[in-house]
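Single-letter residue listing:
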Amino acid sequence: EKVMSVWHAMSERNVRALFEKSYQLRCDHDRPAAICWDEFDALYARGGNGRDDIQYRMQKIMQSVLSGDIVYEGVPLFALTNEPHMIPIPIYRRFGRVMLVTALDGEDRRQLMQH
């Protein structure tokens, strides 16, 4: 599902629609549904200084969703990134768990390949 859009406020609508669609699937099938969001940092990579820029708006919409302003019970978000420093601290605070995985060393890689 594509989230980012060049159109004003469409990216924010797309984020809410993603959670709403996942929640609806969860309810329709009576099973958990999860969102696995790769390159999560891309939501915040554009930068800008004003309160009207997309980075600020995306931060606010994700804060709202992750804070439970609208409850999407049974729809956890797994956010993946190679650049955790790009994600604003207020977003980190709203995750129940944050796990940083560093690069594997030679022995870890060997064991992974053997497995």
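Now for a quick tour of the structure. (Residues numbered from 1 in each chain as written. Predicted model: local features only at pLDDT ≥ 70, side-chain atom pairs only at ≥ 80, totals over all residues. Heavy atoms only, no water.)

## As for the packing of aromatic side chains
- All chains considered together, the criterion is met by four aromatic pairs.
- On the basis of an interplanar angle of 40° and a centroid distance of 5.5 Å, the ring pair of Phe19 and Tyr72 is categorised as tilted. Placement of Phe19 in helix α1 (residues 10-29) and of Tyr72 in the loop between α2 (54-67) and β2 (77-79) is noted, with a sequence separation of 53 residues between them.
- With centroids separated by 6.2 Å and ring planes inclined at 70°, the aromatic side chains of Tyr23 and Tyr72 adopt a geometry described as edge-to-face. Of this pair, Tyr23 sits in helix α1 while Tyr72 sits in the loop between α2 and β2, placing them 49 residues apart in sequence.
- Put simply, the rings of Phe19, Tyr23 and Tyr72 pair up and form one aromatic cluster. (Phe/Tyr/Trp six-rings, centres within 6.5 Å; stacked < 30°, edge-to-face > 60°. Helix = DSSP H or I, 4+ residues; strand = E, 2+ residues; numbered from the N terminus.)

## As for α1
- Helix length check: α1, at 20 residues, gives a terminal C-alpha distance of 28 Å against a target of 28 Å (1.5 Å per residue), a fit within 8%.
- Along α1, the positions that sit buried rather than exposed are Ser11, Glu12, Asn14, Val15, Leu18, Phe19 and Ser22.
- On the buried face of α1, the contacting elements are β1 (35-37), α2 and β2.
- Just downstream of α1 lies Asp30, where phi reads positive at about 50°. (Expected span 1.5 Å × (residues − 1). Buried < 20%, exposed > 50% of the residue type's maximum accessible area, 1.4 Å probe, protein only. Contact = heavy atoms within 4.5 Å.)

## A few points about the nonpolar core
- Membership of the largest hydrophobic core comes to 20 residues, with the highest contact counts inside it found for Phe19, Trp37, Phe40 and Met62.
- Listed by contribution, the elements that provide at least two residues to this core are α1, β1 and α2.
- With five residues, the top contributor of residues to this core is α2.
- Ignoring anything within four residues of it in the chain, the contact list for Met62 reads Val15, Phe19, Trp37, Phe40, Leu43, Tyr44, Leu77 and Ile91. (Core = buried A, V, L, I, M, F, W, Y, C linked by side-chain atoms within 4.5 Å.)

## Details of the pattern of salt bridges
- Scanning all chains against the criterion turns up one salt bridge.
- Residue Glu107 pairs with Arg110 through a salt bridge whose shortest N-O separation is 2.5 Å. In this pair, Glu107 and Arg110 both sit in helix α4 (residues 106-114), three residues apart, roughly one turn of the helix.
- Classification of Arg110 by relative accessible area gives partly exposed; the value is 41%. (Salt bridge = Lys/Arg side-chain N within 4 Å of Asp/Glu carboxyl O.)

## Here we look at the packing of α1 against α2
- Remark: α1 packs on α2, axes separated minimally by 9 Å, with the N-to-C direction vectors making an angle of 25°. In terms of axis orientation, α1 runs roughly parallel to α2. Where α1 crosses over α2, the handedness of that crossing is right-handed. Contact residues: Ser11, Glu12, Val15, Arg16 and Phe19 in α1; Ile54, Arg57, Met58, Ile61, Met62, Ser64 and Val65 in α2. (Axes fitted to C-alpha atoms, helices over the stretch in contact; angles between N-to-C directions. Parallel < 35°, antiparallel > 145°, perpendicular 65-115°, else oblique. Left-handed = near helix turned anticlockwise from the far one by under 90°.)

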